[in-house]
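These are the residues of each chain, in order.
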Amino acid sequence: MAKVVATSSAGDILNLLGFIVASYLAIFLMFVVHGLLVSLVGVSPKEYFQKIWPVLTFAFSSRSSAATIPLNVEAQVTKLNVPPAIANLSASFGATIGQNGCAGIYCNASSHGCAFGWYRPNGL
């Protein structure tokens with residue numbers, strides 16, 4: 001990483017920082033959309049996010065959907081009063097389908113990251 005920073009121009013580093021900010025903005029927008037969808041079915045978004053926050057933080061920090069399944073099921077059953085059979089099914093689907101909008105966010109992020117790594121304008 002030190003070599004990349006040392007051999008990159010300030011413009012390249014600023015582009016990367018802009019990309020990081022854009023990624024976090026996209027995640028924030030995903031939370032807004034998720035909150036709107038939850039509120040459409042009559043659930044308070046604030047209470048909902050408070051109940052599932054440990055699951056979200058574990059999933060984000062571990063970067064593993066499969067490792068989050070047991071915590072996800074426990075939160076659905078104990079905090080959201082979802083029947084265990086439905087909690088198990090939805091947690092399994094959620095871990096393999098693409099986690100809401102993150103699939104679109106991270107596919108886009110990966111493609112830009114690969115392009116930045118492979119393409120060096122002006123022979124850099």
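These numbers were taken from a predicted model, which means no experiment stands behind them. (Residues numbered from 1 in each chain as written. Predicted model: local features only at pLDDT ≥ 70, side-chain atom pairs only at ≥ 80, totals over all residues. Heavy atoms only, no water.)

Draft legend 1. Molecular detail of a nonpolar patch on the surface. Residues Val5, Ile13, Leu14, Leu16, Leu17, Ile20, Tyr24 and Phe60 make up a contiguous nonpolar surface patch of roughly 740 Å² in combined accessible area. When residues in the nonpolar patch are grouped by element, the largest group, six residues, is from helix H2 (residues 10-40). Tracing the backbone through its elements, the reader meets Ile13 in helix H2. (Patch = residues over 30% accessible without salt bridge, like charges linked within 9 Å, V, L, I, M, F, W, Y side chains within 5 Å. Areas by Shrake-Rupley, 256 points an atom, 1.4 Å probe, with all protein chains shown as cover. Salt bridge = Lys/Arg side-chain N within 4 Å of Asp/Glu carboxyl O. Helix = DSSP H or I, 4+ residues; strand = E, 2+ residues; numbered from the N terminus.)

Draft legend 2. Structural view of helix H5 (residues 84-97). Under the 1.5 Å per step criterion, the end-to-end length of H5 is 20 Å for 14 residues, consistent within 8% with the ideal 20 Å. All of the buried residues along H5 are Ala87, Ala91 and Ala95. What you see down the axis of H5 is that its buried residues fit within an arc of 55°, all on one side. Residues of H5 that are exposed and angled more than 90 degrees away from the buried face: Ala85, Thr96 and Ile97. On its buried face, H5 is in contact with helix H4 (65-78). (Expected span 1.5 Å × (residues − 1). Buried < 20%, exposed > 50% of the residue type's maximum accessible area, 1.4 Å probe, protein only. Arc of directions from axis to C-beta. Contact = heavy atoms within 4.5 Å.)

Draft legend 3. Looking closely at the UniProt feature "transmembrane region" (unreviewed entry) in the protein chain. Per the UniProt record, "transmembrane region" (unreviewed entry) is found at residues 16-43. Counted over residues 16-43, helix gives 89% and strand 0%. Its end C-alpha atoms are 38 Å apart. (UniProt positions renumbered as here; feature names shortened; annotations may be inferred.)

Draft legend 4. Representation of the confidence of the model for the protein chain in the model. For the protein chain, mean pLDDT is 79; residues scoring 70 or higher make up 77% of the total. Model confidence for the protein chain, summarised as mean pLDDT per element, is weakest for helix H6 (residues 102-118) at 54 and strongest for H4 at 89. Note that pLDDT drops below 50 for residues 118-124; the model gives that stretch three contacts with residues more than four away or on any other chain. (pLDDT = per-residue confidence, 0-100.)

Draft legend 5. Molecular detail of the packing of H2 against helix H3 (residues 45-62). Two elements in contact, H2 and H3, have axes whose closest approach is 11 Å; the angle formed by their N-to-C orientations is 140°. In terms of orientation, H2 lies oblique with respect to H3. Helix-helix and strand crossings are classified by hand; for H2 and H3 the assignment is right-handed. Contacts between H2 and H3 involve Tyr24, Ile27, Phe31, His34, Gly35, Val38 and Ser39 from the first element and Pro45, Tyr48, Phe49, Leu56 and Phe60 from the second. Grouping the amino acids of the contact of H2 with H3 by side-chain chemistry returns nine nonpolar, three polar and no charged. (Axes fitted to C-alpha atoms, helices over the stretch in contact; angles between N-to-C directions. Parallel < 35°, antiparallel > 145°, perpendicular 65-115°, else oblique. Left-handed = near helix turned anticlockwise from the far one by under 90°. Nonpolar A, V, L, I, M, F, W, Y, C, P; charged D, E, K, R; others polar.)

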